[in-house]
Amino acid sequence: MNELFNLAPLILVFPIIGVLFNGLVGRRFVDHDRKTGERWSGWFATIMALSAFVVVVLLNLALHANHFHAETVMLWDWIVIPGQGLSIPWAMQIDTLSVAMMLVVTGVGSIIHIYSIGYMHGDPDYSRYFAYLNLFLFFMLILVAGNNYLVLFVGWEGVGLCSYLLIGFWHERLAKDGTMKNANAARKAMIANRVGDAAMILGIILTFWVFGSVEFNHVFEEAIHIFESHEEMVTLVSTNIEMAFSTALFAITVLFLIAATGKSAQLVLHVWLPDAMAGPTPASSLIHAATMVTSGIYLIVRSNVLYELSRALSVHSGTISSSDIVALVGASTALYAGLIAFTQYDIKKVLAYSTVSQLGFMIAAAGMGAYVAAMFHLITHAFFKALLFMGAGSVIHGMEHGHHEVAHGHHGHDDDGFDPQDMRYMGGLRKLMPVTFWTYLVGALALAGIFPFAGFWSKDEILAHANANQGEYGLFLVLFILLALAAVCTAFYMGRQLRMVFWGQPRHEAARHAHESSPIMTFPLVLLAVFGTVAGLFNLPKVLTLEFGWSLTLEHWLEHSIQTFELMEEGILAHVPHTPTSLIVEVAALSLGLALVSMGLAFYVYRDKPKTAADPDPTQKIPGLWSVFGRLPIDSFYMKLLVPWFNRFSAWLGFKFEWSFWHDFFHERVIRDTFVWFADLSANVLDAQGVDGIVNGLGSVTRWLADGIRVSQTGYARTYALSVFLGTVVLLIYFLWPYVMR
Amino acid sequence: MGDPLVFGILAIVAIVAALMMVTSRNAVHSALWLVLNFATIAVFYVVLNAPFIAMVQITVYAGAIMVLFLFVIMLLGAEQLRGTGVSSRGERFHQAVAALLGVMLITAVTLALMNREGAGGGTAVPTMPITSPQELGLILFETYVFPFEVTGVLLLAAIIGVAIFTLRKKRGTAV
Amino acid sequence: MTATIDWYVALSAILFTIGALGVLLRRSAIIVFMCIELMLNSANLLFVAFARSLGDLHGQVLVFFVIVVAAAEVAVGLALIVTIFRTKRSINIDEINLLKG
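Starting afresh in each chain, residues are numbered from 1 along the sequence in its written order. Labels are handed out in written order, letters beginning with A for the chains and numbers beginning with 1 for the ligands. Given that the model is predicted, a residue must reach a pLDDT of at least 70 before its local features are reported, and side-chain atom pairs must reach 80 or more before they are shown or counted; all residues, however, enter totals for whole chains, interfaces and linings.

Q: What is the right way to read the overall build of chain B from this model?
A: Only DSSP runs of H or I with at least four residues qualify as helices, and only runs of E with at least two residues qualify as strands; both kinds are numbered from the N terminus onward. Counting its secondary structure elements, chain B contains six helices and zero strands. Written out in order from the N terminus, the α and β elements of chain B read α-α-α-α-α-α. Counting other C-beta atoms within 10 Å of a residue's C-beta gives its exposure: the residue is buried at 20 or more, exposed at 12 or fewer, and partly exposed in between, where C-beta atoms are placed from the backbone. In chain B, buried positions account for 27% of the 175 residues. Of all intrachain contacts in chain B linking residues separated by at least 6 positions in sequence, the fraction that spans at least 24 positions is 53%. Think of it this way: build a C-beta for each residue from its backbone, and any pair within 7 Å is a contact.

Following this line, the structure appears as structure tokens:
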């Protein structure tokens, strides 16, 4: 084991130091002297993130030196029940998969830290923001580094907490109609995630029940062992319950899928992610685009053995497998969210639905067994979506400054319903914000899947996988069509956004006065734009069966962590090497062509519309699009049906059950009054008469006896002498008795 | 163990002296009767071949101790008790019980003696020479040397105790 | 015929009883005290008689010790009586009941 692995705990130590600094003393620095305080607070957090990044790079080198063999860094025992063989450690699994995730988290995280220094400038809660950001890094690294499901779950909940805190970062800001928009968004995220997390807990419990462990390696080895020994039934640990192995596996994998739909915003739990844009834009960029929302994909990729086995079992029995469900959920989400993105005016919400859609791509890839493709898309998406969000942040920043200037010029012109995030007020920003424009363009092209940007390669790999397996599973054709349509949607709504924001005429005074953001914000944009351009190099496909030195790097890197199987005819699993993916020219050409056409169409449709902020959107003419997807059907379903009933039920629970029955009747009447009655009985009857009677009675008896006995103590010597004499005579007679009575 | 006649005379004298001692109103008389009793018992000791003890009896008891008694009686002027001398009911009960117990004691001893095996018959009395002080002294200082020393301590304690009584009294009056 | 040990036992018992009754019946502390001396003497007589009867000198040694203890007792007892007399101006034991319960 390479000594560098011992550095692993540091990736957790650095962020937590940052949390402590900013959480405990950061605010004093900032309050004391705004300028230097912000510098301290922001750069301290950034340096902590960068330090973690450096450590991860060292771990990367260590893995190279270790020939890519995974190492477990044991920290300490956590839950140990010797009798039951339960031992859950705090341990970090350093393998190629977790290090890949760590690189993304700390790399993109560091860039976003730098960006935040500029973006959050002037915010009264500057240090609190950075404390949350570092806390997020801490939990995210726990999530990806844990070597068992329970530690993963700790990180899972921790990032959920940070997400909640950052969405509600400006919780006191109200919407125009007076609702607590931001606080409600935070709560929505928390509640939607509860559903997924409950499934996660059940999944972990079931995993332990079936396999007797929650550590990844043990679980997977045990699963393969059970599968290969053809055992139909498994006995749950510590019970006598028998369960069909296929059922158990199906349940575990579906529960993990539900967990992933919560965290990664898939149908039908995706509703929280668009609202999560209420948080500061860099936070949205880091948490709700690049890293946290991908932890669902990480969970599925990490559990790849279970999903593969599920697929193999279902091929055997001819039923639908949980992997297929995963793929279907992902593909449907990809298309569904893509369509909704057409109808959004908020620049961040478009990106948010785009994120949901792209996460759908990744989930679909994982469901199809293309784990490497999922991870590839995860990594490239992290770069260009972070870039897009931060670009959007830059645009919003510019719009706010523009609006500020305008408001200063025209007094009494304050409230005209202006929203700095609404694309209808933008336009023509290309000239005013050149750096933002060019980097945004790179991000948009990458997202749309245009050659040669990163998104092209990763998205194409997913589509190629769906295409390549069509013959084997009929399902894959459906998946391919869904994903291809989603890709078309992606190109279209990104074209729409580019056209509306950067081209044309400004539709508001604010857009006319917008100007470029400070270098500290544009520098990270440029950096990410570079990555967004070249990230495809991480996993270039083989072109025409030629393999270049650079190709399939990620594939070879991850094959040490991800196993794929092939079911042999005899029902035995064969560990097969990853099939190297070649570029399928037809598919690539098709997707590129569709994307270009779709984007061009968008530019054509929005060439001069909407002219003013009040004009309708051109796509409103398409029947069904705005009336169905524009109304957010699932959100509406929740708000119209579930939430009122839930509220009514809560009110009943609160007022009737809890207050009237439980408090007024049960506690007040039954418990309290009974208690009072009993206390009264004890005090006034049992104690006063019973216990006191016994004690006083004992005293009286003793006194009465003493009064009787003290008579004998006359104090006269003769009395005592008589007693002695009596004793003498009695003793004498006792001794002489045999002689006396003879 | 002595001629019956000698025994009888001496016993009568002793008993009478004892009775007179107990019943005398005057304490001085009582003391004198007691001296007689002690002297009689000293004669018994001589009869019983214990001349040394007899001499000790005369010198210590009849001499020193009884002189001390007489001295105190006369010092305090307590020849006769002042007061009514009328007995209360409790006292009469007390006296009755005491008398009953005395009778029971005498009766028990008498019955036991009469019923004893070989009662009245002369068990063989060993011939025993008249004890010389030398013999007694040897036993005393060989076998009983430790108790002897203890009695010395006891006497010392008695002396100190008595001295303390006296001293406290003197200091009290001096103040 | 000679006096046997039984005679001495009887005599001793009579003297002891007389002494005991004196202790119990007389009021004067000094006479009570003298009666105690009488009881001691009756015991001493018995010791010597048994020493003679059994031919054993140890009985006489015991008498010696009794006399010593009696002397000490008399010294302390009389001192007590004197002290009591000084405070209460009386040696009537019926007037002394400090131990009354």
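Q: I tried to follow the overall build of chain A on my own but got confused; where do I start?
A: A tally of helices and strands in chain A yields 26 helices and six strands. Within chain A, the proportion of its 742 residues that are buried is 49%. Expressed as a percentage of contacts within chain A between residues at least 6 apart in sequence, the contacts between residues at least 24 apart total 78%.

Q: When you look at the interface of chain C and chain B in this model, what are you seeing that I'm missing?
A: By convention, interface size is frequently given as the accessible area that disappears when the constituent parts associate. Contact with chain C, which involves 59 residues of that partner, is made by 68 residues of chain B. Top contributing element to the side of chain C that touches chain B by residue count: helix α3 (residues 58-88) of chain C, with 21 residues. By residue class, the composition of the side of chain C that touches chain B is 41 nonpolar, twelve polar and six charged. Here the nonpolar group is Ala, Val, Leu, Ile, Met, Phe, Trp, Tyr, Cys and Pro; Asp, Glu, Lys and Arg are the charged ones; every other residue, Gly included, is treated as polar.

Q: How do you make sense of the confidence of the model for chain A when you look at a structure like this?
A: When pLDDT drops low, the exact placement of atoms in the prediction is not to be read closely. Each residue carries a pLDDT score, the predictor's own confidence in it, on a scale running from 0 to 100. When pLDDT is averaged along chain A, the result is 85, and 94% of the positions lie at 70 or above. When mean pLDDT is compared element by element in chain A, helix α5 (residues 149-167) of chain A scores highest at 93, while strand β6 (residues 573-576) of chain A scores lowest at 62.

Q: I tried to follow the interface of chain B and chain A on my own but got confused; where do I start?
A: Contact residues are listed per partner, giving eleven residues for chain B and eleven residues for chain A. Along the lines of polarity and charge, the residues of the side of chain B that touches chain A split into eight nonpolar, two polar and one charged.

Q: Any chance you could explain the pairing of strand β1 (residues 71-81) of chain A here in plain terms?
A: Regular strands show a simple pattern: their side chains alternate between the two faces of the sheet. All names here are of chain A. Within β1, only zero of the eleven residues are buried, leaving the element largely exposed. A pair of strands counts as paired when DSSP detects no fewer than two bridges linking them. The pairing of β1 with strand β2 (residues 86-94) spans nine bridges and is classified as antiparallel. When the sheet's bridge partners are listed, Trp76 is paired in β2 with Trp90. What sits between the antiparallel neighbours β1 and β2 is a turn of four residues, in which Gly85 has the positive phi angle 70°.

Q: Explanation requested: the environment of Arg718(A) in the structure shown.
A: Summarising the element assignment, Arg718(A) is placed in helix α26 (residues 717-740). Residue classification places Arg718(A) among the buried positions, given that 21 C-beta atoms sit within 10 Å. Excluding anything up to four places from it in sequence, Arg718(A) contacts His94(B), Leu24(C) and Ile93(C).

Q: Help me understand unusual backbone geometry, please; the structure alone is not making it clear to me.
A: Excluding glycine, residues mostly carry a negative phi; peptide bonds, for their part, are mostly trans. Residue and element names in this part refer to chain A. Following Leu267, the chain continues into Val268 via a peptide bond in cis, with omega recorded as 0°. You can see Val268 is positioned in the loop between α8 (245-263) and α9 (272-275). Residue Pro452 is reached from Phe451 by a cis peptide bond, and omega for that bond is 5°. Phi at His67 takes a positive value of approximately 55°, unusual for a residue other than glycine. Among the structural elements, His67 can be located in the loop between α2 (34-65) and β1.

Q: Is there a simple way to think about the nonpolar core in this case?
A: Where a protein is soluble and globular, its nonpolar side chains tend to be buried together. Residue and element names in this part refer to chain A. The nonpolar core is taken to be a set of buried Ala, Val, Leu, Ile, Met, Phe, Trp, Tyr and Cys residues joined by way of C-beta atoms within 7 Å. Core analysis: the biggest nonpolar cluster contains 227 residues, and Leu141, Ala364, Ala374, Met375, Ala386, Leu479 and Leu483 have the highest contact counts within it. Looking at this core element by element, the count peaks at 20 residues for helix α15 (residues 371-409). The residues that make up this core include at least three from each of domain 1 (1-147) and domain 2 (177-404 + 419-533 + 585-631). Beyond its immediate chain neighbours, meaning those up to four positions away, Ala386 contacts Val108, Ile112, Ser285, Leu286, Ala289, Ala290 and Leu528. Domain ranges listed in this record stem from an automatic or a database domain assignment.

Q: What should I look at first to understand α5(A) in this one?
A: Structurally, the α-helix is built with 3.6 residues per turn, so residues lying three or four positions apart point the same way. Multiplying one less than the number of residues by 1.5 Å gives the expected span of a helix. Look at α5(A): 26 Å from first C-alpha to last across 19 residues, which is about the 27 Å you get at 1.5 Å a residue. Of all 19 residues making up α5(A), 15 are buried, and the element is well covered by its neighbours.

Q: Would you mind showing me how to read the packing of helix α2 (residues 27-47) of chain B against helix α3 (residues 51-76) of chain B here?
A: Describing two packed helices takes the angle between their axes plus the distance from one axis to the other. Residues and elements named next belong to chain B. The angle between two axes is taken between their N-to-C directions and runs from 0 to 180 degrees, where each axis is a line fitted to C-alpha atoms and a helix contributes only its stretch in contact. Contact geometry of α2 with α3 gives a least axis separation of 8 Å together with a crossing angle of 175°. In this view, α2 runs roughly antiparallel relative to α3, as classed from their interaxial angle. In contact with Ala27, Val28, Ala31, Leu34, Val35, Phe38, Ala39, Ile41, Ala42, Tyr45 and Val46 of α2, α3 contributes Pro51, Ile53, Ala54, Gln57, Ile58, Tyr61, Ala62, Met66, Phe69, Leu70 and Ile73. By residue class, the composition of the contact of α2 with α3 is 21 nonpolar, one polar and no charged. Roughly parallel refers to an angle under 35 degrees, roughly antiparallel to one over 145, roughly perpendicular to one between 65 and 115, and oblique to any angle outside these ranges.

Q: When you look at the confidence of the model for chain B in this model, what are you seeing that I'm missing?
A: Residue and element names in this part refer to chain B. A residue-level look at chain B finds 87% of positions with pLDDT of 70 or above and a mean pLDDT of 84. By mean pLDDT, the top-scoring element of chain B is α2 (93), and the lowest-scoring one is helix α6 (residues 145-174) (81). For this predicted complex, the interface score ipTM comes out at 0.92, while the overall pTM is 0.66.

Q: Explanation requested: the packing of helix α6 (residues 181-211) of chain A against α8(A) in the structure shown.
A: Residues and elements named next belong to chain A. As a packed pair, α6 and α8 sit with axes 7 Å apart at the nearest point and diverge in direction by 155°. One way to sum up the angle between α6 and α8 is to call them roughly antiparallel. As for how α6 packs across α8, the hand of that crossing is left-handed. Along its contact with α6, which presents Ala192, Asn193, Val195, Gly196, Asp197, Ala199, Met200, Leu202, Gly203, Leu206, Thr207 and Val210, the element α8 presents Ala248, Ala251, Ile252, Leu255, Phe256, Ile258, Ala259, Thr261, Gly262 and Lys263. Should the near helix be turned counterclockwise from the far one by less than a right angle, the crossing is left-handed, whereas a clockwise turn marks it as right-handed.

Q: Is there a simple way to explain the environment of Ala64(B) in this structure?
A: With respect to the helices and strands, the residue Ala64(B) is situated in helix α3. On the basis of neighbour count, Ala64(B) is assigned to the partly exposed category, with 14 C-beta atoms found within 10 Å. Not counting residues within four places of it along the chain, the set of residues in contact with Ala64(B) comprises Thr59(B) and Ala71(C).

Q: For this particular structure, what's the right way to read the environment of Lys385(A)?
A: Residues and elements named next belong to chain A. Summarising the element assignment, Lys385 is placed in helix α15. A residue is classified by how many C-beta atoms lie within 10 Å of it, and Lys385, with 30 of them, is buried. With 59 residues separating them in the primary sequence, Lys385 and Ala444 have C-alpha atoms 8.6 Å apart. Residues within four places of Lys385 in sequence aside, it is in contact with Ala289, Ala290, Thr355, Gln358 and Leu447.

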